[in-house]
Amino acid sequence: MLLLNDGQRALLADKLSDAANLAAGALFFGQFVGSRPFSLTLALCGLGSWVGLFAWAVVLARKKD
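From a predicted model like this one, the values you see are computed outputs, not experimental measurements.

Draft legend 1. Here's a closer look at the environment of Leu 11. Mapped onto the elements of the fold, Leu 11 is located in helix H1 (residues 6-27). Relative accessible area serves as the criterion here: at 52%, Leu 11 is assigned to the exposed category. Sequence separation between Leu 11 and Ala 61 is 50 residues, and the spatial gap between their C-alpha atoms is 8.9 Å.

Below, the structure is given as structure tokens:
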């Protein structure tokens with residue numbers, strides 16, 4: 001098991017939220033600038049990735065008891 005101190009957890013939570021925004025931007029919003037037709041599957045994968053990564057960041061950011 002990986003044990004992180006408070007600073008490491010805060011940094012990882014910050015970077016996970018950045019990765020979540022990147023996933024949503026690439027998979028969901030990126031479809032609007034491309035020439036391919038809109039894919040609902042790809043959009044749902046982007047939104048699901050955003051929710052999952054953001055939720056993981058929130059869990060990591062919680063203060064450890």
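Draft legend 2. Highlighting helix H2 (residues 40-61). Over its 22 residues, H2 extends 31 Å from the first C-alpha to the last, a length consistent with the 32 Å expected when each residue adds 1.5 Å. Listing the buried residues of H2 in full gives Ala 43, Gly 46, Ala 57 and Leu 60. Relative to the axis of H2, the buried residues are bounded by an arc of 130° and lie together on one face. For H2, the exposed residues lying more than 90 degrees away from the buried face are Leu 40, Thr 41 and Leu 44.

Draft legend 3. View of the environment of Ala 19. Mapping Ala 19 onto the fold places it in helix H1. In this structure Ala 19 comes out as partly exposed when scored by relative accessible area, which is 33%. Remark: the alpha-carbon pair of Ala 19 and Ala 57, spanning 38 residues in sequence, is separated by 9.9 Å.

Draft legend 4. Looking closely at H1. For H1, spanning 22 residues, the distance from its first C-alpha to its last is 31 Å, which sits close to the expected 32 Å at 1.5 Å a residue. Along H1, the positions that sit buried rather than exposed are Arg 9, Ala 13, Leu 16, Ser 17, Ala 20, Ala 23 and Ala 24. Considered in projection along H1, the buried side chains sweep an arc of 120° and stay on one side of the axis. Set apart from the buried face of H1 by more than 90 degrees, the exposed residues are Leu 11, Leu 22 and Ala 26. Where H1 is buried, its residues touch H2.

Draft legend 5. Local environment of the side chain of Ser 17. By the secondary structure assignment, Ser 17 is in helix H1. Within the structure, Ser 17 has its side chain in polar contact with the backbone oxygen of Asp 14 (distance 2.7 Å).

So, how was this worked out
One numbering rule holds for all chains: residues counted from 1, following each sequence as written. Owing to the predicted nature of the model, reporting of local features is limited to residues with pLDDT of at least 70; listing and counting of side-chain atom pairs is limited to 80 or more, with chain, interface and lining totals taken over all residues. For the side-chain quantities, the full set of heavy atoms in the structure was used; hydrogens and water were omitted. Numbered from the N terminus, helices here are DSSP runs of H or I no shorter than four residues, and strands are runs of E no shorter than two. When a residue's accessible area, from a 1.4 Å probe over protein chains only, is under 20% of the maximum for its type it is buried; when over 50% it is exposed; and in between it is partly exposed. Take the residue count of a helix, subtract one, and multiply by 1.5 Å to get its expected span. An arc is given here, and it is the one of the directions from the helix axis to the C-beta atoms. In what follows, residue pairs with any heavy atoms lying within 4.5 Å of each other are defined as contacts. Pairs of N or O atoms are called polar contacts if they sit within 3.5 Å, as long as, within protein, a hydrogen donor faces a hydrogen acceptor (for residues adjacent in sequence, only side-chain-to-side-chain pairs).

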